[in-house]
Amino acid sequence: MLGAIDRDRFDVIPIGITRSGQFVLEDDDARTFALDGDELPEITDNGTRVRWPDGADSRELTVEREGQISSLGTVDVVFPILHGTYGEDGTIQGLLELVGLPYVGSGVLASALGMDKHYTKSVLQHAGIAVAPWRRVRKAEVPSNPDAVEALLDGLTLPVFVKPARAGSSVGVSRVSHPDELAEALRIGFAEDDSVLVEQGVDGREVEIAVLGGRAGSTPRTSDVAGEIVVSGRAFYDFDAKYLGASGIDLVCPAELSDDELATMKDIALRAFDAVGAEGLARVDFFLTADGFVLNEVNTMPGFTPISMFPTCWIVSGLSYADLITELIEAAVERGER
């Protein structure tokens with residue numbers, strides 16, 4: 001994404017976050033953040049420290065290096081290309097709200113809601129949108145008795161998926177095809193979160209559509225096309241397939257849908273976008289079953305890699321990658337001026 005931003009319109013200050021949580025100034029080089037084969041990019045501590053404004057009356061960013069503090073200039077908008085905890089769960093959004101910096105994407109509430117699968121499903125269900133049956137299990141509630149663990153499956157039909165409630169990118173997700181696998185799946189899920197979902201597996205096509213928030217009083221809109229994830233050699237669309245290009249997954253865009261199916265999908269996606277209070281952008285994921293659409297997830301900060309479905313849906317709809325980025329930045333600036 002860094003290499004696609006229109007440099008005739010925008011000056012970029014790349015900031016990385018180390019595993020320990022330091023904000024460091026990075027070189028303006030897209031290769032720093034590029035996926036490389038089977039490895040994710042690692043942000044290392046280079047000794048710099050980016051400092052956010054002291055309060056909402058200033059948008060000046062500064063950097064400390066070798067004991068000297070210098071200005072990085074006034075910031076118009078922040079584009080938080082972050083996934084998972086502290087990235088898309090409302091926490092970084094809260095920090096930016098506190099210092100008065102406009103940013104791309106949903107606010108604190110919608111980000112936190114979209115990150116928590118239990119509460120997302122609860123809100124969507126209340127809005128009359130079909131979701132897969134599930135139950136939430138807290139770590140403290142899990143009994144050690146194997147029979148009691150299996151009782152968590154009551155009312156559900158195998159296979160089920162065990163998912164951390166607040167982890168993204170399929171981290172900690174397991175497919176359970178036999179009751180004996182449930183205890184291990186819970187262990188894996190609880191390693192990521194103290195709250196997990198045991199969710200009914202859904203037999204259907206995995207289809208996704210992209211949403212952009214409205215600008216200047218206009219309503220949100222969806223991409224003209226949807227995409228489909230075709231799983232052929234893996235149990236499900238896991239982390240390695242999403243980010244490392246692992247085999248067994250084909251991303252098809254546009255998906256083969258009838259006009260009625262696509263219209264229905266667009267309508268539900270916009271209803272879901274509104275129900276969770278999303279802003280800016282979202283990718284809405286569905287299962288298309290014999291009985292219709294079942295909504296799986298509202299992702300408030302979808303992937304922006306070259307193989308990600310969100311930009312692909314817009315590119316196929318006629319909006320270039322660079323223009324998509326411009327649209328999101330300008331929309332965030334507008335919201336910051338309201």
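Residues numbered from 1 in each chain as written. Predicted model: local features only at pLDDT ≥ 70, side-chain atom pairs only at ≥ 80, totals over all residues. Heavy atoms only, no water.

## Side note on the sheet that holds strand β9 (residues 195–200)
Then step 1. Taken together, the 4 strands give an open sheet; going across it, the order is β6-β9-β7-β8, and neighbouring strands pair in antiparallel fashion. One side of each edge strand has no neighbouring strand; the edge strands of this open sheet are β6 (134–138) and β8 (174–176). The mean angle between the axes of side-by-side strands here comes to 25 degrees, regardless of whether they run parallel or antiparallel.
Then step 2. As paired strands, β6 and β9 are joined by 5 bridges and run antiparallel to one another. (Pairing = 2+ DSSP bridges. Helix = DSSP H or I, 4+ residues; strand = E, 2+ residues; numbered from the N terminus. Axes fitted to C-alpha atoms, helices over the stretch in contact; angles between N-to-C directions.)

## Quick look at the pairing of strand β4 (residues 60–65)
Then step 1. Pairing between strand β3 (residues 49–51) and β4: 3 bridges, direction antiparallel. Opposite R49, over in β4, you have E64 as the bridge partner.
Then step 2. As paired strands, β4 and strand β5 (residues 68–74) are joined by 6 bridges and run antiparallel to one another. Across the sheet, the residue bridging to E64 is I69, located in β5.

## Examining the packing of aromatic side chains
Then step 1. In this structure the tally under the stated criterion is 5 aromatic pairs.
Then step 2. Ring centres 5.8 Å apart and planes at 90 degrees place the aromatic pair F79 and F304 in the edge-to-face group. Here F304 lies in the loop between β15 (292–299) and α8 (309–316) and F79 lies in the loop between β5 and α1 (91–98), a separation of 225 residues in the sequence.
Then step 3. On the basis of relative accessibility, which here comes to 5%, the residue F304 falls in the buried class. (Phe/Tyr/Trp six-rings, centres within 6.5 Å; stacked < 30°, edge-to-face > 60°. Buried < 20%, exposed > 50% of the residue type's maximum accessible area, 1.4 Å probe, protein only.)

## Remarks on the UniProt feature "binding site: Mg(2+) 2" (unreviewed entry) in the chain
Then step 1. On the UniProt side, "binding site: Mg(2+) 2" (unreviewed entry) is annotated at positions that read E297 and N299 here.
Then step 2. Tracing the sequence through the fold places E297 in strand β15.
Then step 3. When residues no more than four places from it in sequence are discounted, the contact partners of E297 are R283, V284 and D285.
Then step 4. Mapped onto the elements of the fold, N299 is located in strand β15.
Then step 5. For N299, the contacting residues outside a window of four places in its chain are E88, A282 and R283. (UniProt positions renumbered as here; feature names shortened; annotations may be inferred. Contact = heavy atoms within 4.5 Å.)

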